[in-house]
Amino acid sequence: MRTKTKYIPVPSNAILPERDAAREPVLECVNLGIMLGGIKAVDNFNLTVGRTEIVGLIGPNGAGKTTVFNLLTKVYHPTTGTILLNGKDTHGMTTVQVNRAGIARTFQNIRLFKNLSVADNVKAAMNNDMRYNMLSAILRLPGYRREEIAAHRRALKLLSIFDMQNMADVPAGSLPYGAQRRLEIVRALATNPCLLLLDEPAAGMNPSETAELLDSIRKVHEMFQIAIILIEHDMSLVMNICDGICVLNFGQVIAKGTPDEIQSNPAVIEAYLGRRKE
Amino acid sequence: MTFLNFFISGISLGSIYAIIALGYTMVYGIAKMLNFAHGDVIMVGAYVCFYAVSRYNLNPFLGVIIAMFLCTVLGILVERFAYKPLRQAPSLAVLITAIGMSYFLQNTALLLWSSNPKVFPSIIGRGSFKLFDGNLSVSHITVLTISVCIVIMIVLSLFIGKTKLGKAMRACSEDKGAAQLMGINVNATISMTFAIGSGLAAIAGALLCSAYPTLMPTTGALPGIKAFTAAVFGGIGSIPGAFLGGLMLGVIEIFAKAYISSQLSDAVVFAVLIIVLLVKPAGLLGKSIQEKV
Amino acid sequence: MTMKRLINLKRTEARRIFITYSAVVIAYVIFQVMSSSGFLSSSMRGMLVPICAYMVMAVSLNLVVGISGELSLGHAGFMSIGAFSGVASAILMQSTITNAPVRLALAMIVGAIFAAIAGFLIGIPVLRLKGDYLAIVTLAFGEIIKSILNNFYFGVDAQGLHFSMLTDTTRLLKGGRLIIRGPMGISGIMKIATFPMGFILVMISLMVVFNLVNSRSGRAFMAIRDDRIAAESIGLDITKYKMMAFVTSAALAGAAGALFAMNYSTIVANKFDFNTSILILVFVVLGGQGNMLGSIIAAAALTVLPEKLRGFSDYRMLLYAIILIVTMLGTNNAEIREFFTKLNPFRRKEEA
């Protein structure tokens, strides 16, 4: 099932020891690539994300953006290249281990636990922080009560960022679409990530919802001081919020830079609009 | 020589499993359901054949054809009244309905034909070919079983691969919605699949009871489960897989009976199944589909 | 109530749990009174313990099928391991522990432990598979357990315990006792299973399942059931939680098996076959996946029903099959469901 990984070690001096904490990379992708169904879905992908940076990952449909997320979260294992998370190689880790090491994500096609309540969706993500064992759950020992109460409080607090605390008891599947997208972000945050991957968070939202989402992402970023990678087609959102942007096309990075640089980059314009016939 | 003897009877038993497994695998491929009642269609086929031959003194082959016809009708009816209303239901509900249908067929048979075992007349007598100066004897029914299985396999492969209906079946098993949009009548195709599977079950019933001549209302249950295992073994949904799985299961079962222990042969068969699934989680010839994230 | 609400129990859920416990207690009291005042026929009295055992089986299987979302077709295998190990241990303890209820309790614990071990060993390969493949492998294990127990010989004599497979080669000394006799199973069991013990086991299994479901483990089970990929993405260890549900369920089934077996003087491995596994699955599906009260009611009703249909003796299994099919169609097909709601004169107006 797992594809063979060509392992390329990165020399340890790749990370410079003394840097400004905010610029210190939380994630470094070096020469990342994967073959899927005989084509190079992602090839030679290099990206460094600083500790509190917000990076936009944009590109036309099928450019390989979600595949990059799947590589980072080990849904796929890269055929080439290295992923360093906080300077540590994630080679050989599973999705679960990567999450524990600090990457959390949302999904393009919403993947909530539909039959669980909103609060339970969030608390499920706190599972690894809870310490009580099966026996104290069955016997309802004090440890169980203490931790469950704490978890519930924390879940409500997280939900309140998106003004969802009053929906805590609603089954996640019956939430309106926009709320489902927000809940996915809350659930991801509940795992205490240092890097949050958002896969088209504004997809299907109207302009006012998108504007609200923009504010919420800003708020999350300020509160938690984490790095965020954002896949998004809504350019107003991307250009507004991102510190840096990386443009993918056919699995290759075709441009990298600040929003201003990207907006005027001819290669990007060509990828999006096609070449003008002379 | 005994080895060869065991091998041949293994292939013969395996051929019967393969024919039954085809029914399971085709239905699974297209309707994504485990049709537990399939084993009992075998039993019904065998009873029809039994009565046609022993009560009405018909030619055995005519008996098999009548059995095929009635089982085909039975298959279509079962699908129409029990499974079709559950097309959108959770798979567990369909499974339980299939189990209910299995009980229903068994108990109807019990009422109609009583629990007394019937001695099934072999459809081509009990003679055998003697080979290698009589060291190796192969009964006629063995030869017939194996040939029938090969013929069915070839005909079915051609049918699935070449005909329009066969293509419709493949299309439905890939994506029902898309097939419907392409103008394929999905309901008719599913009915057709049940019809073919049940017709094959009737043949399997006649062959099974010719080789193992005790016929009871529960006759179909165990071969049904084993053939189902064979279908999974080969990769459920795959027609060559059902063929291969059936043959291998038959051989393993006979060898386990001969060389390990006759009481533990079922355990050995199931243990092999488990090992195969651990190495190839989708069976020998099955495709494993990775969920898109 | 505020405390409870904080601990994740939504009011409806808390009410449902309370109703389940009280229904079991009330039913127990009623049947205990009826039984001791002679209102119950002897055949009904004989069914009280099996009903309890089936209730526990249904509740435990519901943990796997309803909560954890995996189809298991071999649950009777765990019941049989619990039955054989429990009864064998009860026979071994017969002279040392003379108090019957204590011996029964210990036997149920032994049964639970053995079934849990089997569940763990089986879980290692089984839980790597998904969906229908997982189901067929549990079926296979159920059949393997049956085959092995059918060919297992176990005896005790002055030199200690003796085992053998296929044929009886235990060669017991004089005065020894062959406890498990292959296809003959165990006979001469002291029938020490009682209705109160059955009731206690039902309550314990409800407590285990409810409290587990409403804890971090239960959330993990259901999260994995709802979306495996998302569950992995938030760091839930799939195998660990599936195993936890599977082993807990096996242990409860083992205890139920021990209780069940000690209601009869003889047990054989063939009693716990594929049909028994299916029967229990039917309890779960008819009662509603994840609905423990439903499982309990279905287990009781479907155990009593064939007995009550004895009047139609020839037709009873046929009727049972028809009820099964009609119930499935009625609960899962929108049009048929509508038809039945229209038939129901007591339907509430707002539902119409």
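Novice: Whenever I open this one, the overall build of chain C confuses me. Can you help?
Specialist: A tally of regular secondary structure across chain C gives 14 helices and 3 strands. Computed over C-alpha atoms, the radius of gyration of chain C comes to 21 Å, within 12% of the 20 Å expected from 2.2 N^0.38 for 352 residues, which places it in the range of a compact globule. With the C-alpha coordinates of chain C rotated into their principal frame, the extents come out at 75 × 55 × 45 Å. The long-range share in chain C, meaning contacts at least 24 apart out of those at least 6 apart in sequence, stands at 72%. Accessible surface computed for chain C: about 14700 Å², of which carbon and sulfur atoms make up 64%.

Novice: Just checking my understanding: could you explain the sheet that holds strand 5 (residues 88-89) of chain A for this structure?
Specialist: Hydrogen bonds between backbone groups are what pair the strands of a sheet, and the pairing can be parallel or antiparallel. Residues and elements named next belong to chain A. Strand order across the open sheet formed by 4 strands is 2-1-4-5, with antiparallel pairing between neighbours. Single-partner strands in this sheet number two, and they are strand 2 (39-50) and strand 5. Both strand 1 (residues 25-36) and strand 4 (residues 80-85) contribute to a ladder of 5 bridges, which runs antiparallel. Paired with Leu-27 across the bridge in strand 4 is Leu-85. Strand contacts of helix 1 (residues 65-72): strand 1, strand 2 and strand 4, with the helix running at about 115 degrees to strand 1, the strand carrying the most contacts.

Novice: Mind showing me how you'd approach the side chain of Thr276(C) here?
Specialist: Residue and element names in this part refer to chain C. Note that Thr-276 resides in helix 11 (residues 274-287). Here the side chain of Thr-276 touches Lys-271 through a polar contact of 2.8 Å, landing on its backbone oxygen. In contact with Thr-276, not counting residues within four places along its chain, are Ala-76 and Lys-271.

Novice: Quick question: what am I supposed to make of the interface of chain C and chain B here?
Specialist: Accessible area lost upon the coming together of the parts serves often as the stated size of an interface. Contact residues are listed per partner, giving 42 residues for chain C and 44 residues for chain B. Summed over both partners, the interface of chain C with chain B buries about 3700 Å², with 80% contributed by carbon and sulfur atoms. Among the residues chain C hides against chain B, the three largest losses belong to Tyr133(C), Ile136(C) and Ile325(C). Together they make up 16% of the total. The tally of links from chain C across to chain B stands at 2 residue pairs in polar contact (both at pLDDT 80 or more). The leading source of residues in the side of chain C that touches chain B is helix 6 (residues 131-150) of chain C, at 11 residues. Taken together, the residues of the side of chain C that touches chain B break down into 32 nonpolar, 6 polar and 4 charged.

Novice: It is not clear to me how the interface of chain B and chain A should be interpreted in this structure. Could you clarify?
Specialist: Across the contact, 4 residues belong to chain B and 8 residues belong to chain A. Scanning the region where chain B abuts chain A turns up 0 salt bridges. The interface formed by chain B and chain A includes 0 residue pairs in polar contact (both at pLDDT 80 or more). When grouped by side-chain class, the residues that make up the side of chain B that touches chain A number 1 nonpolar, 1 polar and 2 charged.

Novice: Got a minute to help me understand the environment of Gly185(C) in this structure?
Specialist: Residues and elements named next belong to chain C. Within the fold, Gly-185 resides in the loop between strand 3 (177-181) and helix 7 (195-213). The class for Gly-185 is buried, based on a relative accessible area of 0%. Residues contacting Gly-185, with those up to four places away along its chain left out, are Phe-84, Ile-179, Ile-180, Ile-267 and Val-268.

Novice: How should the packing of aromatic side chains be read in this particular structure?
Specialist: Each aromatic ring pair is characterised by the separation of its centres together with the angle its planes make. Inspection of the entire model under this criterion finds 25 aromatic pairs over all chains. Their ring planes at 25 degrees and their centres at 5.2 Å tell us that Phe3(B) and Phe255(B) sit as a pair that is stacked. Here the residue Phe3(B) occupies a position in helix 1 (residues 2-31), and Phe255(B) occupies one in helix 10 (residues 239-260), the gap between them amounting to 252 residues. Seen in terms of ring centroids, Phe260(C) and Tyr264(C) are 5.2 Å apart; in terms of plane orientation they differ by 55 degrees. Their pairing is tilted. Residue Phe260(C) is classed as buried on the basis of its relative accessible area, which comes to 2%. An aromatic cluster is defined as three or more aromatic residues linked by ring pairs; in this entry it consists of Phe3(B), Phe6(B), Phe7(B), Phe255(B) and Tyr259(B). Directly above the aromatic system of Phe81(B) lies the positively charged group of Arg80(B), at a separation of 5.6 Å from the ring centroid. Cation over ring: Arg216(C) sits above Tyr132(A), and NZ or CZ is 5.7 Å from the ring centre.

Novice: Quick question: what am I supposed to make of helix 8 (residues 216-226) of chain C here?
Specialist: Spacing of three or four residues puts side chains on the same side of an α-helix, whose turn is 3.6 residues. Judged by how many residues are buried, helix 8 of chain C sits mostly within the fold: 9 of 11 residues are covered. Check the buried side of helix 8 of chain C and you find it contacts helix 3 (118-125) and helix 5 (142-161) of chain A together with helix 3 (42-67), helix 7, helix 9 (228-233) and helix 10 (238-261) of chain C. If you check the start of helix 8 of chain C, you find a side-chain oxygen 3.2 Å away from the backbone N of Ser217(C), and it comes from Ser215(C).

Novice: Which parts of the structure should I look at to understand the packing of helix 1 of chain B against helix 5 (residues 140-162) of chain B?
Specialist: The geometry of a pair of packed helices is captured by two quantities: the angle between their axes and the separation between those axes. Residue and element names in this part refer to chain B. Contact geometry for helix 1 and helix 5: axes closest at 9 Å, N-to-C directions at 35 degrees. Here helix 1 and helix 5 pass one another in a crossing that is left-handed. Residues Ile-8, Ile-11, Ser-12, Ser-15, Ile-16, Ala-18, Ile-19, Leu-22 and Met-26 of helix 1 form the contact with helix 5, whose own contacting residues are Thr-142, Thr-145, Ile-146, Val-148, Cys-149, Ile-152 and Leu-156. Taken together, the residues that form the contact of helix 1 with helix 5 break down as 12 nonpolar, 4 polar and no charged.

Novice: Can you help me understand the pairing of strand 3 (residues 54-58) of chain A in this one?
Specialist: Look at any regular strand and the pattern is simple: side chains alternate between the two faces of the sheet. Residue and element names in this part refer to chain A. The buried count for strand 3 comes to 5 of 5 residues, which makes it a mostly enclosed element. Burial along strand 3 is two-sided: the residues Ile-54, Gly-56 and Ile-58 and Val-55 and Leu-57 are all buried. Note that strand 3 and strand 8 (residues 227-231) share 4 bridges and pair parallel. Within strand 8, the position partnered with Gly-56 by the bridge is Leu-230. As paired strands, strand 3 and strand 9 (residues 244-249) are joined by 4 bridges and run parallel to one another.

Rules and cut-offs
Residues numbered from 1 in each chain as written. Chains lettered and ligands numbered in written order. Predicted model: local features only at pLDDT ≥ 70, side-chain atom pairs only at ≥ 80, totals over all residues. Heavy atoms only, no water. Helix = DSSP H or I, 4+ residues; strand = E, 2+ residues; numbered from the N terminus. Rg over C-alpha atoms; globule rule 2.2 N^0.38 Å. Contact = heavy atoms within 4.5 Å. Areas by Shrake-Rupley, 256 points an atom, 1.4 Å probe, with all protein chains shown as cover. Pairing = 2+ DSSP bridges. Axes fitted to C-alpha atoms, helices over the stretch in contact; angles between N-to-C directions. Polar contact = N/O pair within 3.5 Å; in protein donor to acceptor, adjacent residues only side chain to side chain. Buried area = accessible area lost by both parts, 1.4 Å probe. Nonpolar A, V, L, I, M, F, W, Y, C, P; charged D, E, K, R; others polar. Salt bridge = Lys/Arg side-chain N within 4 Å of Asp/Glu carboxyl O. Buried < 20%, exposed > 50% of the residue type's maximum accessible area, 1.4 Å probe, protein only. Phe/Tyr/Trp six-rings, centres within 6.5 Å; stacked < 30°, edge-to-face > 60°. Lys NZ or Arg CZ within 6 Å of the ring centre and 35° of its normal. Left-handed = near helix turned anticlockwise from the far one by under 90°.

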